[in-house]
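Residues per chain, in single letters:
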Amino acid sequence: MTTANLVFTLAGATALILGLVTLLRPSLIRRLIGAKDSEPAKYGLLIAGMMLAAFGLLLAGFAIGFTTAKPLDMNLGASR
């Protein structure tokens, strides 16, 4: 695994964990950022947490997939 892949995998895992914490515990994040206790703040944090978790999952997944997949050589097949 190259340094860039390791960085992307760790960044993705970190984003996934932060997104899940934001998604599952919005009151904790709301207190940390100093937002009011309101319905719009709660739903905004839920949406942000889900988007951050999905971004982290995709980033780490593609970094791991890029590392473990065999290269595809398109020149080996017969020409049409």
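Note that the coordinates shown come from a computational prediction; the quantities given were computed from them, not determined experimentally.

Conventions adopted
- Residues numbered from 1 in each chain as written.
- Predicted model: local features only at pLDDT ≥ 70, side-chain atom pairs only at ≥ 80, totals over all residues.
- Heavy atoms only, no water.
- Helix = DSSP H or I, 4+ residues; strand = E, 2+ residues; numbered from the N terminus.
- Rg over C-alpha atoms; globule rule 2.2 N^0.38 Å.
- Contact = heavy atoms within 4.5 Å.
- Areas by Shrake-Rupley, 256 points an atom, 1.4 Å probe, with all protein chains shown as cover.
- Buried < 20%, exposed > 50% of the residue type's maximum accessible area, 1.4 Å probe, protein only.
- Arc of directions from axis to C-beta.
- pLDDT = per-residue confidence, 0-100.
- Axes fitted to C-alpha atoms, helices over the stretch in contact; angles between N-to-C directions.
- Parallel < 35°, antiparallel > 145°, perpendicular 65-115°, else oblique.
- Left-handed = near helix turned anticlockwise from the far one by under 90°.
- Nonpolar A, V, L, I, M, F, W, Y, C, P; charged D, E, K, R; others polar.

1. A short note on the overall build of the protein chain
Helix and strand content of the protein chain: three helices and zero strands. Element order for the protein chain, N to C, with α for helix and β for strand: α-α-α. Taken over the C-alpha trace, the protein chain has a radius of gyration of 19 Å; the compact-globule value for 80 residues is 12 Å, which it surpasses by more than 25%. Across its three principal directions, the C-alpha atoms of the protein chain cover 65 × 30 × 15 Å. By sequence separation, contacts in the protein chain at least 24 residues apart represent 71% of the contacts at least 6 residues apart. Of the accessible surface of the protein chain, which amounts to about 6400 Å², a share of 72% is contributed by carbon and sulfur atoms.

2. Some remarks on helix 2 (residues 26–33)
One turn of an α-helix holds 3.6 residues; hence residues three or four places apart share an orientation. Where helix 2 is concerned, the buried positions are P26, I29 and R30. One side of helix 2 holds all its buried residues, which, seen down the axis, span an arc of 105 degrees. Pointing more than 90 degrees away from the buried face of helix 2 are the exposed residues R31 and L32. Looking at the buried side of helix 2, the elements it contacts are helix 1 (3–24) and helix 3 (39–68). At the exit of helix 2 stands G34, carrying a positive phi of roughly 80 degrees.

3. Brief notes about the confidence of the model for the protein chain
Residues shown with low pLDDT carry predicted positions that ought not to be read at fine detail. Summarising the model, the protein chain shows a mean pLDDT of 90, and 95% of its residues fall at 70 or more. When mean pLDDT is taken per element in the protein chain, helix 1 scores highest with 94 and helix 2 scores lowest with 90.

4. Looking at the environment of L76
With respect to the helices, strands and loops of the structure, L76 is situated in the segment after helix 3. When the C-alpha atoms of L76 and L46 are compared, they prove to be 48 Å apart, with 30 residues separating the residues in sequence.

5. Considering the packing of helix 1 against helix 3
As a packed pair, helix 1 and helix 3 sit with axes 7 Å apart at the nearest point and diverge in direction by 155 degrees. When the axis of helix 1 is compared with that of helix 3, the two are roughly antiparallel. When you trace helix 1 past helix 3, the crossing you get is left-handed. Class assignment for the residues of the contact of helix 1 with helix 3 results in 20 nonpolar, eight polar and no charged.

6. Some details on the packing of helix 1 against helix 2
Helix 2 packs onto helix 1 with a crossing angle of 100 degrees between their chain directions and a minimal axis gap of 5 Å. Comparing their axes, helix 2 and helix 1 come out roughly perpendicular. Of the residues in helix 2, those in contact with V21, T22, L23 and L24 of helix 1 are P26, L28 and I29. Among the residues forming the contact of helix 1 with helix 2, the class breakdown is six nonpolar, one polar and no charged.

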